[in-house]
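Commentary on secondary and tertiary structure
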Amino acid sequence: MAMTTTSTPGARGYGTPGNADGPGGPSVTDRLRGRVRSGFGLIGPRHGRHSLSMEQVDSLALPIGDDGVVVGVDAEGQPAVLGLNRPTPYDVVLIGGLWTAQVLALRAAATGARVAVETGRAPAWMQMVHAMGGGQNGMSVYDVGRVPPQGASAGNPVLVVRDCGMRPPRGRVVSGPWQAVLTLLPYLSPVAPRLMRQARLVGVQRVSPDEAAEIGRTMALPRADVDSLPTLPDGVTLWCADRDRQYVMTQPTDAETGLLGMPRRMD
């Protein structure tokens, strides 16, 4: 259907040149341009200028990379955040206790990630699944070697937790875009050095002096860190990424304590 318009005598179209109010008066177009230039006559708030001296510029800081899972607090009491949801493959190895791995899984699910647990001790994880709504709210448990493809995406990130004992087999589901893999090792095993070298991030909790020495050689840790590993309290983890190292204490919430108990290294 064609649309037709009817002109009305005396009607003025905005922007039509020559529509002046009278002889020598400004046209509508000129008046509109003047209003645009002057902000339509609205006077905004007047504030003093914000400025910094050169000495104050160095105090400015922007929070970069602070989105993710809060894994605890550092030595200064500041939140330590682990960004698991990444567009690139991300492998994490934790040499430590089940308690810490379960807290990380709970917190990852709370950020919106789906958690797939591959484990040989399903009963230890099923209490979490039931507490979260029977697997309908972001956590599923699978037998070793039975994790199906997860279909991770930017809008549906996934964390795969591999709780497969001292010698975890090669996983069918590996890290990829928006799919991180956390491998839990209760102790240092013969396959641990290979896994640590391949991982982007390694967490180490309390280990024996011999294990600490081996980890120190594999990770090129300073002597002070090697000596501290056998004395770490429950809930404290040394996180290592490239040349960066940070001690973090994982402090449970009341809900986490009710579900998992207090921090502990042994299970």
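Located above this text is the structure these notes cover.
Summarised in this report is the structure supplied together with it. Everything numeric in this text was worked out from a predicted model, so none of it was measured. (Residues numbered from 1 in each chain as written. Predicted model: local features only at pLDDT ≥ 70, side-chain atom pairs only at ≥ 80, totals over all residues. Heavy atoms only, no water.)

1. So, the environment of Asp 234
The line we're drawing: Numbering of helices and strands starts at the N terminus; helices are DSSP runs of H or I of at least 4 residues and strands are runs of E of at least 2. Contacts: residue pairs with any heavy atoms within 4.5 Å of one another. In protein, a polar contact requires one atom able to donate a hydrogen and another able to accept it; more generally it is a pair of N or O atoms within 3.5 Å, and residues adjacent in sequence count only if both atoms are side-chain atoms.
Checked against the element boundaries, Asp 234 lands in the loop between helix H7 (223–228) and strand S9 (236–241). Expressed as a C-alpha distance, the spacing of Asp 234 and Trp 99, which sit 135 residues apart in the sequence, is 9.9 Å. Those residues within four positions of Asp 234 in sequence are excluded, and the remaining contacts are Arg 206, Pro 263, Arg 264 and Arg 265. Side chain to side chain, Asp 234 and Arg 206 meet in a polar contact 3.0 Å long. Only 3.5 Å separates the side chain of Asp 234 from the backbone nitrogen of Arg 265, close enough to count as a polar contact.

2. Regarding the side chain of Ser 189
Here Ser 189 is to be found in the loop between strand S7 (179–185) and helix H5 (192–198). Here Met 166 takes part through its backbone oxygen, which lies 2.7 Å from a polar atom of the side chain of Ser 189.

3. A look at unusual backbone geometry
Short version of the rule: To sort residues, take the accessible area from a 1.4 Å probe on protein chains only and compare it with the maximum for the residue type: under 20% means buried, over 50% means exposed, and anything in between is partly exposed.
Of note in the backbone geometry, Trp 178 takes a positive phi value of approximately 65° without being a glycine. By secondary structure assignment, the location of Trp 178 is in the loop between strand S6 (158–163) and S7. Relative accessible area serves as the criterion here: at 25%, Trp 178 is assigned to the partly exposed category. Although it is not a glycine, Ala 220 adopts a positive phi angle of roughly 55°. Here Ala 220 lies in the loop between helix H6 (209–219) and H7. Residue classification places Ala 220 among the exposed residues on the basis of a relative accessible area of 64%.

4. Digging into the pairing of S7
Here is the rule: Pairs of strands are assigned from DSSP output, requiring at least two bridges between the strands.
Here S7 lies mainly inside the structure; seven of its seven residues are buried. Of the two faces of S7, the one holding Gln 179, Val 181, Thr 183 and Leu 185 and the one holding Ala 180, Leu 182 and Leu 184 are both buried throughout. Inspection of the sheet shows strand S3 (residues 90–95) paired to S7 by six bridges, in the parallel sense. Pairing of Val 92 across the sheet is with Leu 182, part of S7. Two strands pair when backbone bridges link them, and S6 and S7 are joined in this way by five bridges, in the parallel orientation. Each bridged residue has a counterpart across the sheet, and for Val 160 the counterpart in S7 is Val 181.

5. Considerations on the pattern of salt bridges
The cut-off we apply is this: The term salt bridge refers to a pairing of a side-chain nitrogen on Lys or Arg with a carboxyl oxygen on Asp or Glu at a separation within 4 Å.
One pass over the full model with this rule turns up eight salt bridges. Arg 107 is paired through a salt bridge with Glu 256; the nearest N and O atoms lie 2.9 Å apart. Note that Arg 107 is positioned in helix H3 (residues 98–110) and Glu 256 in helix H8 (residues 254–260), a separation of 149 residues in sequence. The exposure class assigned to Arg 107 is buried, which follows from its relative accessible area of 12%. Where Asp 227 meets Arg 223, a salt bridge forms, and the shortest distance between an N and an O atom there is 3.2 Å. Within this pair, Asp 227 and its partner Arg 223 are both found in helix H7, separated by four residues, close to a single helical turn.

6. What about a nonpolar patch on the surface?
The criterion, for reference: By definition, no residue in a patch forms a salt bridge, and every one has over 30% relative accessible area; like charges are joined within 9 Å, nonpolar side chains (Val, Leu, Ile, Met, Phe, Trp, Tyr) within 5 Å. To be clear on the numbers: accessible area is Shrake-Rupley with a 1.4 Å probe, and residue cover counts the displayed protein chains and nothing else.
A cluster of nonpolar side chains, contributed by Met 166, Tyr 187 and Met 266, occupies part of the molecular surface with about 260 Å² of accessible area. Inspection of the secondary structure assignment puts Tyr 187 in the loop between S7 and H5. Of the residues examined, Tyr 187 reaches a relative accessible area of 34% and is grouped as partly exposed.

7. A short note on the pairing of strand S4 (residues 114–119)
Burial analysis of S4 places five of its six residues in the buried class, the great majority of the element. Looking at chain direction, S4 and S6 are connected through six bridges and run parallel. Bridge pairing links Ala 116 to Val 160 in S6.

8. Re the nonpolar core
The following threshold applies: The criterion is simple. A nonpolar core is a set of buried Ala, Val, Leu, Ile, Met, Phe, Trp, Tyr and Cys residues joined through side-chain atoms within 4.5 Å.
Residues Val 71, Leu 84, Val 115, Met 139, Leu 159, Val 161 and Trp 239 are the most contacted members of the largest nonpolar core, which totals 33 residues. Those elements that place two or more of their residues in this core are strand S1 (69–73), strand S2 (79–82), S3, H3, S4, helix H4 (122–131), S6 and S7. Broken down by element, this core gets its largest block of residues, nine residues, from H3. Setting aside chain neighbours within four positions, we find Val 161 in contact with Ala 105, Val 115, Ala 116, Val 117, Glu 118, Trp 125 and Leu 182. If you look at the next biggest cluster of nonpolar residues, it comprises 22 residues, including Ile 95, Val 207, Leu 229 and Cys 240.

9. Remarks on the packing of aromatic side chains
Going by this rule: Centres within 6.5 Å are what make two rings of Phe, Tyr or Trp a pair, Trp counting through its six-membered ring; a difference in plane orientation under 30 degrees is then read as stacked, over 60 as edge-to-face, and the rest as tilted. Only lysine NZ and arginine CZ atoms are considered, and such an atom sits over a ring when it is within 6 Å of the ring centre and within 35 degrees of the ring normal.
Going through the model one piece at a time under the given rule, you end up with zero aromatic pairs. Cation over ring: Arg 86 sits above Tyr 90, and NZ or CZ is 4.0 Å from the ring centre.

These values are about where atoms sit, not about what they do.
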